[in-house]
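Listed here are the chains, written in short residue letters.
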Amino acid sequence: MLAGAILILVLVTAMALYAVYRDPQRRATVSPKVLLLGGGLVFPVVVLTALLVYGLALMGELRAPHGTESPMELRVVARQWSWQVHYPEKTSGRPVVLENELRIPAGRPVRLNLVSEDVIHSFWVPSLAGKMDVIPGHRRQITIQADLPGRLRGQCAEFCGRNHARMSLLVVAESAEDFDAWLASASATPSAHDDTTRATSPRTDR
Ligand SMILES: [Cu+2]
């Protein structure tokens, strides 16, 4: 795709330079009709059709990460203006809920069940997957997978009101062992307020 883009860029730049610097006496040997039909219709149709076919072929892979491992299920609630991540409840221990932080095990698919409590939001972690609109009254799903441990940034990608720009999300991908240890200790920690363990990510981006 990059090679194709470079080829088109070089071609268009060459044509623009030719148009600017050519000898004024020399007239184009290509008729305007051919230029318009070829450059304005045939060329874009061919290129865009090829890109569409390529994109459709890639879509399945983009939506469902590689591997046959069953994904971990998380519930993500979007609201003005934060992301709330609910971890599966165990028979023992306390429910684990994170605000504006998504902790996941690296190397394992994670299926996010997205719901909105108010307006349309859009879940977007550019390094992991495309955008997924979160629409009130609808349940949307997206499967993500971080191949390596690290910290990534997510952002609401649908304008959702005054603090839309601040509706960001920190994704922390950890090794499976670290993740399991964190989840075990988070669900074991008693909370001072209620029966929910909440943790707030450090908001260095504010
Ligand atoms: Cu939003």
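Relevant structure appears above.
Residues numbered from 1 in each chain as written. Predicted model: local features only at pLDDT ≥ 70, side-chain atom pairs only at ≥ 80, totals over all residues.

## So, the overall build of the chain
Basically, it comes down to this: The helix and strand labels rest on DSSP assignments: H or I over at least four residues marks a helix, E over at least two residues marks a strand, and numbering proceeds from the N terminus. As a rule, residues whose C-beta atom has 12 or fewer other C-beta atoms within 10 Å are exposed, those with 20 or more are buried, and those in between are partly exposed; C-beta atoms are placed from the backbone. In this description, a residue-residue contact is defined by the distance between C-beta atoms placed from the backbone, which must lie within 7 Å.
A tally of helices and strands in the chain yields 3 helices and 11 strands. Start at the N end of the chain and walk to the C end: the helices and strands fall as α-α-β-β-β-β-β-β-β-β-β-β-α-β. In the chain, buried positions account for 18% of the 206 residues. For the chain, restricting intrachain contacts to residue pairs at least 6 apart in sequence, the fraction spanning at least 24 positions comes to 65%.

## Observations concerning the nonpolar core
Keep this limit in mind: Under the definition applied here, buried Ala, Val, Leu, Ile, Met, Phe, Trp, Tyr and Cys residues are grouped into a nonpolar core through C-beta atoms within 7 Å.
Core analysis: the biggest nonpolar cluster contains 23 residues, and Val-76, Leu-112, Leu-114, Phe-123 and Val-171 have the highest contact counts within it. Those elements that place two or more of their residues in this core are strand E1 (72-79), strand E2 (82-86), strand E4 (101-105), strand E5 (110-116), strand E7 (132-134), strand E8 (140-144) and strand E10 (168-174). Sort the elements by how many residues they give to this core and E10 lands first, with 4 residues. Among residues more than four places away in sequence, those in contact with Leu-112 are Leu-74, Val-76, Phe-123, Gln-141, Ile-142 and Ile-144.

## Remarks on the environment of Cys-160
Its location among the elements puts Cys-160 in the loop between strand E9 (150-155) and E10. In sequence terms Cys-160 and Asp-118 are 42 residues apart; their C-alpha atoms lie 9.2 Å from each other. Excluding residues that lie within four positions of it along the chain, Cys-160 makes contacts with Gln-80, Trp-81, Val-119, Ile-120, His-121 and Met-167.

That's the geometry; what it means functionally is another story.
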